[in-house]
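Here are the chains, one letter per residue:
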Amino acid sequence: MKMIMRWFPNGDDKVTLDQIRQVPGVSGVATMLSFVPAGEIWTPEQINSVKKEVNDHGLEMEVIESVNIHEDIKKGLPTRDKYIENYIKTMKNLSDAGVKCICYNFMPVLDWYRSNLYLPLPDGSNCMAYSHKYASSLTTEMMTKDMIDGSNNLTLPGWEPERFPQMAADIDFYKNVSQDEYFEHIKYFLDAIIPYAEEYDIDFGVHPDDPPFPLFGLPKVVNNAEAIRKYLALNPSKRNGLTLCTGSLGANKSNDVPSMAKEFASEGKVPFVHLRNVLHTSDTDFHESAHLSECGDLDMFAIVKNLYESGFDGYIRPDHGRMIWGETGRPGYGLYDRALGASYILGLWEAVKKLNA
Ligand code: DNO
């Protein structure tokens, strides 16, 4: 298992590689070329310049989060073949640079969403929160405005400006796409790229829907154990895997996250884990919490134990943290609470490992 942290290149992160390097037990970063629009090829020069910066700070760049999928691929348009070809070229260039794992998502139009990026908590920290009623009352314009206004002038992953102009039209498009058709589009993509994932030695981990509740009538893809089974069965290769995001899946109280960790990790289908905790205020509403089990609704010990005992040998990163100690920055991606999260998870991992020795 390797512990990594998410980091954004090109001056688009307030957290520095020097700081990440000092978090005990962290060996690398998950990063992305957020300045390259979805669908374009990531060139070796662009990749190697970020890799050099990461390596020069004593860290590895083995995980990319994310190589975003062009909406034409998700929509199943004839133009998808060109974008898939570009995707495969990017995979080759990443593999040449030593990348071992790509995290991506197949959520239509929207990546993750929170209705409040700065919910104050009683201890004086703040965190991201979700209210389904509020989210359901929004137009895409209102939603986008909230996310841009709250972003602290940093690009929020999944909310890259290139997506905004056609968001409303894209949402309309999906009104005529059934769940089954959408899964055909996914299969088309997977069948095209997975043989190359095998050739280039890259594991793919699809990220679950976040939150796992339907918004704007868009098809849901990866939101519970059954949907994950269906997704993984679309292409049986070991390379077609899951990014087990405990917070995204745990946002639906009926998801048993420790048992998902056990099921999918023991099949060797989990190359990457996002570990974080959530605290529910109703069946659909929640806010993010510190990583500890006692701070939220998820049993983090059970998740880590099940991963370890299922032979998990991939990458883990702490996920969204709260903003603590007066830190400001990209919501969810400050340094301090994620560093505490990393140490906590590494502590659980050591305990489970020794208990199993
Ligand atoms: C949000 C992240 C997501 C995730 C993508 C993966 O903080 O968890 O943006 O990176 O869904 O493609």
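Each chain has its residues counted from 1, running along the sequence as written. Predicted model: local features are reported for residues with pLDDT of at least 70 only, side-chain atom pairs are reported and counted for 80 or more only, and whole-chain, interface and lining totals are derived from all residues.

### A look at the overall build of the protein
- The numbering of helices and of strands both runs from the N terminus, where a helix is a DSSP run of H or I of at least 4 residues and a strand a run of E of at least 2. Each helix and strand in the protein was counted, giving 13 helices and 12 strands.
- Restricting the calculation to C-alpha atoms gives the radius of gyration, and the globule rule supplies 2.2 Å times the number of residues raised to the power 0.38. By the compact-globule yardstick of 21 Å for 357 residues, the protein fits well, its C-alpha radius of gyration being 19 Å.
- Any residue with 12 or fewer other C-beta atoms within 10 Å of its own C-beta is exposed, any with 20 or more is buried, and the rest are partly exposed; the C-beta atoms used are placed from the backbone. Expressed as a percentage of its 357 residues, the buried residues of the protein come to 46%.
- Taking the intrachain contacts of the protein between residues at least 6 apart in sequence as the baseline, contacts between residues at least 24 apart amount to 73%. Contact between residues is assigned whenever the C-beta positions, reconstructed from backbone atoms, fall within 7 Å.

### Thoughts on unusual backbone geometry
- Omega for the bond connecting Glu-65 with Ser-66 falls within 30 degrees of zero, at 0 degrees, which places this linkage in the cis form.
- Mapped onto the elements of the fold, Ser-66 is located in the loop between β3 (60–65) and α3 (71–75).
- Here the bond from Asp-210 into Pro-211 is cis, since omega is 0 degrees, no more than 30 degrees from zero.
- Tracing the chain through its elements places Pro-211 in the loop between β7 (203–206) and α9 (225–234).
- Its identity is not glycine, yet Asn-10 carries a phi of approximately 65 degrees, on the positive side.
- Mapped onto the secondary structure, Asn-10 falls in the loop between β1 (2–6) and α1 (17–21).
- Positive phi outside glycine occurs at Asp-201, with the angle close to 60 degrees.
- By the secondary structure assignment, Asp-201 is in the loop between α8 (179–200) and β7.

### Some points on the sheet that holds β1
- Strands are labelled as partners when DSSP assigns at least two bridges between them. In space, the eight strands of this closed barrel follow the order β1-β2-β3-β4-β7-β8-β9-β12, with parallel pairing throughout. Averaged over all adjacent pairs, the angle separating strand axes in this sheet is 30 degrees, with direction ignored.
- Where β1 meets strand β2 (residues 26–31), four bridges bridge the pair, whose relative direction is parallel. For Met-3, the partnering residue across the bridge sits in β2 and is Val-26. Whenever a helix is involved, its axis is fitted only over the stretch in contact; in every case the axis is a line through C-alpha atoms, and angles between N-to-C directions fall within 0 to 180 degrees.

### What to know about helix α11 (residues 257–266)
- Every buried residue of α11 is accounted for by Val-257, Met-260, Ala-261, Phe-264 and Ala-265. The arc that holds the buried residues of α11, viewed along the axis, is 110 degrees, so those residues lie on one side. The directions considered for the arc run from the helix axis to the C-beta atoms.

### Overview of the nonpolar core
- Linking buried Ala, Val, Leu, Ile, Met, Phe, Trp, Tyr and Cys residues through C-beta atoms within 7 Å yields a set, and such a set is a nonpolar core. Core analysis: the largest hydrophobic core is formed by 94 residues, its most contacted members being Val-29, Ile-64 and Ile-102.
- Among the elements that line this core, the one with the most residues is α8, at six residues.
- Ignoring any residue separated from it by four or fewer positions in sequence, one finds Ile-102 in contact with Ile-64, Val-67, Leu-94, Ile-202 and Phe-204.

### A word on the sheet that holds strand β6 (residues 126–130)
- Strand order in this open sheet of four strands is β5-β6-β11-β10, and the pairing throughout is antiparallel. Across the chains shown, the open sheet's two edge strands, defined by having one partner strand only, are β5 (116–120) and β10 (277–280). Taken over all neighbouring pairs, the strand axes of this sheet differ in orientation by 40 degrees on average, direction set aside.
- Here β5 runs beside β6; their pairing, made up of three bridges, is antiparallel. Across the sheet, Leu-119 pairs through a bridge with Cys-127, a residue of β6.

### A short note on the environment of Leu-59
- Looking at the secondary structure, you find Leu-59 in the loop between α2 (44–56) and β3.
- Looking at Leu-59, the number of C-beta atoms within 10 Å reads 21, which means it is buried.
- Through-space distance from the C-alpha of Leu-59 to that of Ala-357 is 29 Å; in sequence the pair is 298 residues apart.
- Here Leu-59 is in contact with Leu-17, Ile-20, Arg-21, Ser-27, Gly-28, Val-29 and Val-54, once residues within four sequence places are set aside.

### A word on α2
- Taking 1.5 Å per residue as the helical rise, α2 with its 13 residues ought to reach 18 Å, and the 17 Å between its terminal C-alpha atoms agrees with that figure.
- Buried within α2 we find Ile-47, Val-50, Lys-51 and Val-54. In a view along the axis of α2, the buried residues occupy a sector of 100 degrees, so they form one face of it. In α2, those exposed residues whose orientation departs by more than 90 degrees from the buried face are Glu-45, Lys-52 and Asp-56.
- Each element contacted by the buried residues of α2 is listed here: α1, β2, β3 and α4 (80–96).
- Just downstream of α2, Gly-58 is the residue with a positive phi angle, here 75 degrees. Take the residue count of a helix, subtract one, and multiply by 1.5 Å to get its expected span.

### Some words on the environment of Thr-79
- Within the fold, Thr-79 resides in the loop between α3 and α4.
- For Thr-79, a count of 12 C-beta atoms within 10 Å gives the class exposed.
- Measuring from C-alpha to C-alpha, the distance between Thr-79 and Val-50 comes to 30 Å, with 29 residues separating the pair along the chain.

### What about the packing of α11 against helix α12 (residues 300–309)?
- It is at 8 Å that the axes of α11 and α12 come closest, and there the two elements cross at 10 degrees. On the basis of their axis angle, the class for α11 and α12 is roughly parallel. Across from Val-257, Pro-258, Ala-261, Lys-262 and Ala-265 in α11, the residues of α12 making contact are Ala-302, Ile-303, Asn-306 and Leu-307.
- Tallied by class, residues from the contact of α11 with α12 come to seven nonpolar, one polar and one charged. Note on angle classes: values under 35 degrees are labelled roughly parallel, values over 145 roughly antiparallel, values of 65 to 115 roughly perpendicular, and the remainder oblique. Polarity classes work like this: nonpolar for Ala, Val, Leu, Ile, Met, Phe, Trp, Tyr, Cys and Pro, charged for Asp, Glu, Lys and Arg, and polar for all others, with Gly in that last group.

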